[in-house]
Amino acid sequence: MSDQNPYEKLGVTEDASFDEIQDAKGRLMQQHRGDQKLVESVEAAYDAIIMDRLRMRQEGKIKVPERIRFPEKLSPAPPTFPQTPASRSPAWLQRLLDTPSPGELLGPAIAFSVLGALTIFYPAPDESILPLALALGFCCNIYFLNRKERQFGRAFLLTLAGLLIGVGLGTLLGGLIESQIAGFGLATEKFATLVSFFVLWLISSFLR
């Protein structure tokens, strides 16, 4: 059998189609599946025929169907494209923002809700309670911020900025909708205090 050419080993002619060659290989592999040497001989003959057909195709003598896969012909690697890095927020903003858990939201929410209720319902003829309520809110906010990073200075500055923004925004909005808030029994000063508490809650919950 060693004197036979690859076509003779598979029992096909040199002008056999690829389907015929593959069928012959499959049939012989099944027939000699218990004899390792004969199986290797069949595979070697099949590979030799495929190599011969590849050479003939390169020389333009035959046209090989695209579905035929040659042993030495590797599938081209899929093109790789440089990955565009996902847009990321600035580092300073990432260090400043916090993603609180529900439990971390609850503490500040309760504290500022109590202060807000004190501001609205405290039975005083004037607005004397407001400075005290703001001072308590200021201290609460520093406490909630400081326990996250243990940086008292930054907690103090963020709280001071939040208080100024809250009072300024509340005063501005209160002046614009004074008649509407008056219907709820709120003076502009009380409304500004409530807005300040809301801003401080946002800072204590979502900043660090």
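For the structure itself, look to the data block above.
Residues numbered from 1 in each chain as written. Predicted model: local features only at pLDDT ≥ 70, side-chain atom pairs only at ≥ 80, totals over all residues. Heavy atoms only, no water.

A few words on helix α7 (residues 152-176). For α7, built from 25 residues, the straight-helix expectation of 36 Å at 1.5 Å per residue is met to within 8% by its first-to-last C-alpha distance of 36 Å. Along α7, the residues classified as buried are Ala155, Leu158, Thr159, Gly162, Leu163, Gly166, Gly170 and Gly174. (Helix = DSSP H or I, 4+ residues; strand = E, 2+ residues; numbered from the N terminus. Expected span 1.5 Å × (residues − 1). Buried < 20%, exposed > 50% of the residue type's maximum accessible area, 1.4 Å probe, protein only.)

Moving on, we get to the packing of helix α5 (residues 102-121) against helix α9 (residues 188-206). At their nearest, the axes of α5 and α9 sit 9 Å apart, and the two run at 170° to each other. Accordingly, the angle class assigned to the pair α5 and α9 is roughly antiparallel. Along its contact with α5, which presents Leu105, Pro108, Ala109, Phe112, Leu115, Gly116, Thr119 and Ile120, the element α9 presents Lys190, Thr193, Leu194, Phe197, Leu200, Trp201, Ser204, Ser205 and Phe206. Of the residues in the contact of α5 with α9, the class split is 11 nonpolar, 5 polar and 1 charged. (Axes fitted to C-alpha atoms, helices over the stretch in contact; angles between N-to-C directions. Parallel < 35°, antiparallel > 145°, perpendicular 65-115°, else oblique. Contact = heavy atoms within 4.5 Å. Nonpolar A, V, L, I, M, F, W, Y, C, P; charged D, E, K, R; others polar.)

The subject of this paragraph is the pattern of salt bridges. Two side chains with opposite charge may pair up if their charged atoms get near one another. In this structure the tally under the stated criterion is 1 salt bridge. Where Arg55 meets Asp52, a salt bridge forms, and the shortest distance between an N and an O atom there is 2.5 Å. Of the two residues, Arg55 and Asp52 both sit in helix α3 (residues 36-58), 3 residues apart, roughly one turn of that helix. When its relative accessible area of 36% is taken as the criterion, Arg55 is described as partly exposed. Classification of Asp52 as partly exposed rests on a relative accessible area of 21%. (Salt bridge = Lys/Arg side-chain N within 4 Å of Asp/Glu carboxyl O.)

Quick look at the nonpolar core now. The biggest cluster of nonpolar side chains holds 20 residues, and the ones touching the most others in it are Phe112, Leu145, Leu158, Leu163, Phe197, Ile203 and Leu207. Counting residues per element, the ones that place at least two in this core are α5, α6 (129-149), α7 and α9. Apart from residues lying up to four places away in sequence, Ile203 is in contact with Asn141, Leu145, Leu158 and Gly162. Grouped together as the second largest cluster of nonpolar side chains are 13 residues, Tyr7, Ala16, Ala45 and Tyr46 included. (Core = buried A, V, L, I, M, F, W, Y, C linked by side-chain atoms within 4.5 Å.)

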